[in-house]
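# Remarks on the overall topology
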Amino acid sequence: RSTKKMARHLVIVALVWCCLSIDATEISNDRTLMNIFTVMGDDKAVCNDGTSPKYYFSEGDSNSWLIYLEGGGWCYDETTCANRYIKSNDLMSSLNYSDTITKTGVFSNNPKNSPVSSATKVFIKYCSSDGWGGDVGSDNEEWDTFGWSFRGRRIIDATIKQLQSNHGLGSTSASVVFGGTSAGGRGAMFSIDRVTNNLQLSSPLLSIVGLLDSPYWLDIQPLYSSLMPMQNQTDQIRLLGNISGSNILDQQCQSEHASELWKCLYGQYRIPYLKTKYLMYAASFDAYQLGQLVGHTPVSDEEILYAESFAAMTQSLLNTLPNAMTSPSASIYSQACYNHAITPTVLFDITKSNDGLSQNDALSYVLSNNSSKSPLKDIDNCTSFICGSGCLL
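Residues numbered from 1 in each chain as written. Predicted model: local features only at pLDDT ≥ 70, side-chain atom pairs only at ≥ 80, totals over all residues. Heavy atoms only, no water.

### Focus on the pairing of strand β5 (residues 119–124)
- By the criterion of burial, β5 is predominantly enclosed, with six of the six residues buried.
- Looking at chain direction, strand β2 (residues 54–58) and β5 are connected through four bridges and run antiparallel. Paired with Tyr56 across the bridge in β5 is Phe123.
- When strand β3 (residues 61–69) meets β5, the two strands line up parallel, connected through six bridges. The partner of Tyr68 across the bridge, within β5, is Phe123. (Buried < 20%, exposed > 50% of the residue type's maximum accessible area, 1.4 Å probe, protein only. Helix = DSSP H or I, 4+ residues; strand = E, 2+ residues; numbered from the N terminus. Pairing = 2+ DSSP bridges.)

### Let's talk about the confidence of the model for the protein chain
- For the protein chain, the mean per-residue pLDDT works out to 91, and 91% of the residues sit at or above 70.
- Counted against residues more than four places away or in other chains, residues 16–27, with its pLDDT under 50, gives ten contacts. (pLDDT = per-residue confidence, 0-100. Contact = heavy atoms within 4.5 Å.)

### Points about the pairing of β3
- Of the strand pairs in this sheet, β3 and strand β6 (residues 175–181) are connected by six bridges, and their pairing is parallel. Within the sheet, the bridge partner assigned to Leu69 lies in β6 and is Gly180.

### Comments concerning the state of the cysteines
- Throughout the structure, instances matching the rule amount to five disulfides.
- Between Cys382 and Cys387 runs a disulfide, and the two sulfur atoms are separated by 2.1 Å. With the S-S bond torsion at 95°, the cross-link from Cys382 to Cys387 turns out right-handed.
- The exposure class assigned to Cys382 is buried, which follows from its relative accessible area of 19%.
- Cys387 gets classed as partly exposed once you look at its relative accessible area, which sits at 23%.
- The connectivity of the disulfide-linked cysteines in the protein chain, indexed sequentially, is 1-4, 2-3, 5-6, 7-10, 8-9. (Disulfide = S-S within 2.5 Å.)

### Points about the packing of aromatic side chains
- Overall, the coordinates contain 16 aromatic pairs when judged by the stated rule.
- Site record: aromatic cluster; members linked through ring pairs are Trp74, Trp217, Trp262, Tyr266, Tyr269 and Tyr288.
- One cation-aromatic arrangement involves Arg186 over Trp74; the distance from NZ or CZ to the ring centre is 4.6 Å. (Phe/Tyr/Trp six-rings, centres within 6.5 Å; stacked < 30°, edge-to-face > 60°. Lys NZ or Arg CZ within 6 Å of the ring centre and 35° of its normal.)

### Looking at the side chain of Ser128
- Examined against the element boundaries, Ser128 turns out to sit in the loop between β5 and α3 (152–167).
- On the basis of relative accessible area, Ser128 is assigned to the buried category, the value being 1%.
- Separated by 2.6 Å, the side chains of Ser128 and Asp130 make a polar contact. (Polar contact = N/O pair within 3.5 Å; in protein donor to acceptor, adjacent residues only side chain to side chain.)

Below, the structure is given as structure tokens:
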């Protein structure tokens with residue numbers, strides 16, 4: 001058994017090393033150079049520490065837009081927020097942001113690597129620690145926020161308005177991909193219907209598609225009782241950040257889960273209520289969720305069995321999920337890989353499903369103009385740990 005455990009550990013280390021090595025040696029001319037802008041127009045739209053939020057922008061085709069929310073977890077109480085400020089300051093403050101960044105993956109400027117390579121691209125920095133849903137200030141007398149502001153919802157809305165007024169979003173008919181990864185994927189999940197409604201009120205010719213990378217959290221208890229359940233984390237940030245209202249939690253979801261409103265921020269329960277056309281990526285062995293549920297990369301026999309049970313549950317729910325959709329155009333893509341949030345990395349076009357499709361292929365399919373195409377459903381149906389044939393092993 002110890003030999004098996006060591007072999008599994010080495011395989012996982014090799015996979016992580018491989019992914020990091022690819023990212024470190026990316027071809028520079030594949031990356032999009034983006035310049036920083038300050039979000040203005042709403043004095044309450046601020047980062048956790050009160051600094052002004054920022055976004056990075058690259059002008060491209062005015063008929064094609066990519067608007068993308070950065071990921072990066074969250075904090076949900078005094079201790080986790082204090083630790084986050086020390087360890088991940090740029091996820092709570094904009095003070096140290098660089099003037100320019102370069103992005104790859106879905107941001108690639110190579111048409112072979114991304115279907116939105118020529119688009120006007122926007123990368124909204126995450127500094128609110130609330131999954132992009134909060135709306136409470138540090139000076140609110142009714143909420144004890146431990147001195148932090150949680151204004152993710154306002155940051156999204158203020159940025160969208162600035163893109164309209166300063167960058168021409170909506171001035172012509174255009175295709176807009178609105179999404180994000182990890183916490184940004186969850187933020188896009190419960191913001192996309194609001195963003196779509198607001199945009200189409202002023203710009204009815206815009207066609208909007210969601211790109212939801214890794215938002216699909218499962219209602220499952222951690223393997224070890226010492227770990228904080230993700231359900232509890234979600235409810236605590238809902239209360240701490242004042243994440244409320246039908247434009248975040250969805251009116252129907254609130255009605256059906258009135259006694260457990262955290263479910264309206266939780267992928268397993270929230271996805272079925274979405275109305276805007278979207279593509280969701282959800283790995284069978286989601287590395288972030290398993291890290292939260294196991295405490296580290298699964299290695300022992302017990303942990304591997306837990307991960308395989310997690311994968312079986314993910315695949316079962318995803319295979320039945322489209323039947324519950326309110327959206328007639330909901331596409332699902334799931335690799336049986338141990339990964340998470342790979343749309344902004346070179347793995348976007350490298351890792352494949354068992355059917356041979358990459359995330360790049362999946363998004364290309366969804367964005368194609370052939371209205372006769374049915375929504376995509378590409379789910380690897382195998383549950384042995386990292387059993388996908390295209391996982392770079």
